[in-house]
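Remarks on the overall topology
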Amino acid sequence: MKAINVGIIGVSGYTGLELVKMLISHPIFNLVYCANTEGATTVSDLHPALMGVCDLNVEKVDIERTAQLCELVFLALPHKTAMQTAKGLLAKGLKVVDLSADYRLSQENYEAFYCEHEDLDNLSHAVYSIPELHGKRAEGAKLIANPGCHVTATLMALAPFLDHIDLSQPIFVDSKTGVSGAGKSPSATVHYVSVNDNINCYNIIKHRHATEIEQHASALCDGSVKVTFVPSLVPMTRGMLACVYATLKDDCDPLALMEAFYNGKPFVRLRKAPPHTKMTSGTNFADVYATRHGNALVAMCAIDNLMRGASSQALANANIMMGLDETLGIPRIAYVP
């Protein structure tokens, strides 16, 4: 098959780094363009671990040049900046996989938590895709809204049970994440002395990802899903464990339901005991588990927040978008020990 030239805009951060690591060995995608908002550097200067592995120049973002070189672009930019860039790329006929929140939500929900949306035309046709939950929806899409880490882990724990839980009863989500989810820029809350030997709950209930969970969980079923969402920052570099607590309305075997729901899905592994985040570190795997106590359901999903929660899921979606095998170039061997 003919190679497909791709680019990364926003290569400076952790998700950009993970995209580079996968794309340089992808059998079809050919990484030819890297850019950020500053430019005038190289990939290996930004990420010294890649010295001698990937020394591509990193340029300042230029829509015209991107269009000359690329067929597909990954955007690893902050919200608002991403939609401003995506709008220009899409007008040039490029395909875009956006890792920001800019196309994940309805206009009303987005503007309640972020800012005024500046690209409503493209928002209307953006495809939100977790492959195991949305199938081949991304195939042939022009713009993919790649889901974030908390939402991916939560929906993958919750989705198998949406027809079996009482939606009139509270649904609680406890999601723990590694510090890399806060991004590469330093701040007081992610300073070593703030994170080390500490667990910090943040933005309890009012976290903006709760609305994303509710919007897309509701779209997967016939009801209106409401959650109480409690995220926690834990002292590890990468990884995420989302635990969902709900009330069952029928007599079911949670593990059997999960097994049937995810049967044949190459990146979901059913565990017979609660998964550890280290099991999925550096991979696109989602390790799931569920049990019950009477009518109380406990369902959980462990992922790598930078991979399945961002970059490797973006690559899987790009594979589907371009009519390729979803698994091409996707890491399967965990960083252990």
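Computed from a predicted structure; not experimentally measured.

1. Examining the UniProt feature "active site" (unreviewed entry) in the protein
Those places that UniProt annotates as "active site" (unreviewed entry) correspond, in this numbering, to Cys149. Here Cys149 lies in helix H8 (residues 149–158). Beyond its immediate sequence surroundings of up to four residues, Cys149 is in contact with Met240, Ile303, Asn305 and Gly309.

2. What to know about the sheet that holds strand S12 (residues 240–247)
A sheet is described by the order of its strands in space; here 7 strands give the open sequence S10-S11-S9-S12-S15-S14-S13, paired in mixed fashion. For this open sheet the edge positions go to strand S10 (200–201) and strand S13 (268–270), each flanked by a neighbour on one side alone. Of the pairings in the sheet, the one linking S10 to strand S11 (residues 228–233) comprises 2 bridges and is antiparallel in character. Bridging across to S11, Asn200 finds its partner in Leu233. Contacts from H8 reach strand S9 (172–177), S11, S12, S13, strand S14 (286–293) and strand S15 (296–303), with the element oriented near 45° to S12. Sheet strands in contact with helix H11 (residues 254–261) are S13, S14 and S15, and its direction is about 150° off that of S14.

3. So, the domain arrangement of the protein
Domain boundaries assigned for the protein yield domain 1 (4–125) and domain 2 (150–304). Contact residues are listed per partner, giving 13 residues for domain 1 and 11 residues for domain 2. Buried area between domain 1 and domain 2, both sides added, is near 1,100 Å², and the carbon and sulfur share of it is 51%. Its largest share of buried area at the contact with domain 2, domain 1 owes to Tyr14, Arg104 and Phe113, together 50% of the area lost on that side. Across the contact surface, domain 1 and domain 2 share 2 salt bridges.

Parameters and conventions
- Residues numbered from 1 in each chain as written.
- Predicted model: local features only at pLDDT ≥ 70, side-chain atom pairs only at ≥ 80, totals over all residues.
- Heavy atoms only, no water.
- UniProt positions renumbered as here; feature names shortened; annotations may be inferred.
- Helix = DSSP H or I, 4+ residues; strand = E, 2+ residues; numbered from the N terminus.
- Contact = heavy atoms within 4.5 Å.
- Pairing = 2+ DSSP bridges.
- Axes fitted to C-alpha atoms, helices over the stretch in contact; angles between N-to-C directions.
- Domains from an automatic or database assignment.
- Buried area = accessible area lost by both parts, 1.4 Å probe.
- Salt bridge = Lys/Arg side-chain N within 4 Å of Asp/Glu carboxyl O.

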